Amino acid sequence: MPTPIQHPAGYVPGRAMSYADPAGNSVTVSADTPMPVTMTAAAPAPVTGTTSANLMAGPFLPTPGRAVTLALSGNWSGSARLLRSIDGGTTRLPVTLAGAPWGEYTQNCCEAVWEETEDAATLYLDIALISGTLMYRIA
């Protein structure tokens, strides 16, 4: 039921939610122009572990459009290389940047290493240890 306007005012100040369109103009939220929001999927389960031997860790199922962070720690010698697959892991290719190796590590790190663009992609960590123990986390 609407609320009647009381005298002496004779008007009701309007209030509405609005947002800026790409041109910077104010757009009032309505059924025809809803808030421009994007639903975000929950973060996938990280791949974590500890190894003292060679290991293929994964698969990690990245969320398209979100950064993937790799953390390596421990007292170890060897290499860890990020691999990507778009066929369920049958083919795993090293990630590259402008044709050069990318995501290859020989020491501890904690950094964003990739941002996925495809829904079907999976990531793996190819660990080749010479000695020591490596703790890893892909998230």
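Keep in mind the model is a prediction, meaning the values are calculated, not measured.

(A) Here's a closer look at a nonpolar patch on the surface. Where nonpolar side chains cluster on the molecular surface, the patch consists of Met 17, Met 35 and Val 37 and spans about 320 Å² of accessible area. Inspection of the secondary structure puts Val 37 in the loop between β2 (26-28) and β3 (47-51). Classification of Val 37 as exposed rests on a relative accessible area of 62%.

(B) Geometry of the environment of Asn 54. Relative to the helices and strands, Asn 54 is located in the loop between β3 and β4 (55-60). Note on Asn 54: relative accessible area 53%, which makes it exposed. Asn 54 sits 76 residues away from Ile 130 along the chain, and the two C-alpha atoms are 8.4 Å apart. Not counting residues within four places of it along the chain, the set of residues in contact with Asn 54 comprises Ile 127, Ala 128 and Leu 129. Within the structure, Asn 54 has its side chain in polar contact with the backbone nitrogen of Leu 129 (distance 2.7 Å).

(C) Broad picture of unusual backbone geometry. In this chain, Gly 58 is followed by Pro 59 through a cis amide linkage whose omega measures 10°. As for its placement among the helices and strands, Pro 59 is situated in strand β4. If you check the backbone angles, Ala 98 has positive phi at about 55° while not being a glycine. In this structure, Ala 98 sits in the loop between β7 (96-97) and β8 (100-101).

(D) Quick peek at the pattern of salt bridges. If you walk through the whole model with that rule in mind, you get 3 salt bridges. The salt bridge involving Arg 81 is made with Asp 126; its shortest N-O contact spans 3.2 Å. With Arg 81 in strand β5 (residues 67-85) and Asp 126 in strand β11 (residues 122-138), this residue pair connects regions lying 45 residues apart in the sequence. The exposure class of Arg 81 is partly exposed, given its relative accessible area of 29%. For Glu 116, the salt bridge identified is with Arg 84, shortest N-O distance 2.7 Å. In this pair, Glu 116 sits in the loop between β10 (109-115) and β11 while Arg 84 sits in strand β5, placing the two residues 32 residues apart along the sequence. The exposure class of Arg 84 is buried, given its relative accessible area of 19%. One connected set of salt bridges, linked through shared partners, spans Arg 84, Glu 116 and Glu 118.

(E) Up close: the nonpolar core. One finds Leu 70, Leu 72, Leu 125, Ile 127, Tyr 136 and Ile 138 to be the most contacted residues of the largest nonpolar core, which totals 20 residues. Listing elements by their share of this core, those giving two or more residues are β4, β5, β10 and β11. It is β11 that contributes the most residues to this core, 7 residues altogether. If near-sequence neighbours (up to four positions away) are discounted, Ile 138 is found in contact with Pro 46, Val 47, Phe 60, Val 68, Thr 69, Leu 70, Tyr 124 and Leu 125.

Basis of the calculations
- Note on numbering: residues in each chain are counted from 1, in written sequence order.
- Owing to the predicted nature of the model, reporting of local features is limited to residues with pLDDT of at least 70; listing and counting of side-chain atom pairs is limited to 80 or more, with chain, interface and lining totals taken over all residues.
- Heavy atoms from the whole structure form the basis of all side-chain values; hydrogens and water molecules are not counted.
- Within this analysis, patches are made of residues with over 30% relative accessible area and no salt bridge. Like charges are joined at 9 Å or less; nonpolar side chains (Val, Leu, Ile, Met, Phe, Trp, Tyr) at 5 Å or less.
- Surface exposure here means Shrake-Rupley accessible area, sampled with a 1.4 Å probe, where a residue is shielded only by the protein chains that are shown.
- Each reported salt bridge corresponds to a side-chain nitrogen of Lys or Arg within 4 Å of a carboxyl oxygen of Asp or Glu.
- A helix here means a DSSP run of H or I that spans at least four residues, while a strand means a run of E at least two residues long, and both kinds are numbered starting from the N terminus.
- Three exposure classes are used, based on accessible area relative to the maximum for each residue type with a 1.4 Å probe and protein chains only: buried under 20%, partly exposed in between, and exposed over 50%.
- Residue contacts are counted whenever heavy atoms from the two residues lie within 4.5 Å of one another.
- Pairing of N or O atoms within 3.5 Å defines a polar contact, subject to two protein rules: one partner must be a possible hydrogen donor and the other a possible acceptor, and residues neighboring in sequence count only if both atoms are side-chain atoms.
- For the purposes of this section, nonpolar cores are sets of buried Ala, Val, Leu, Ile, Met, Phe, Trp, Tyr and Cys residues that join through side-chain atoms within 4.5 Å.

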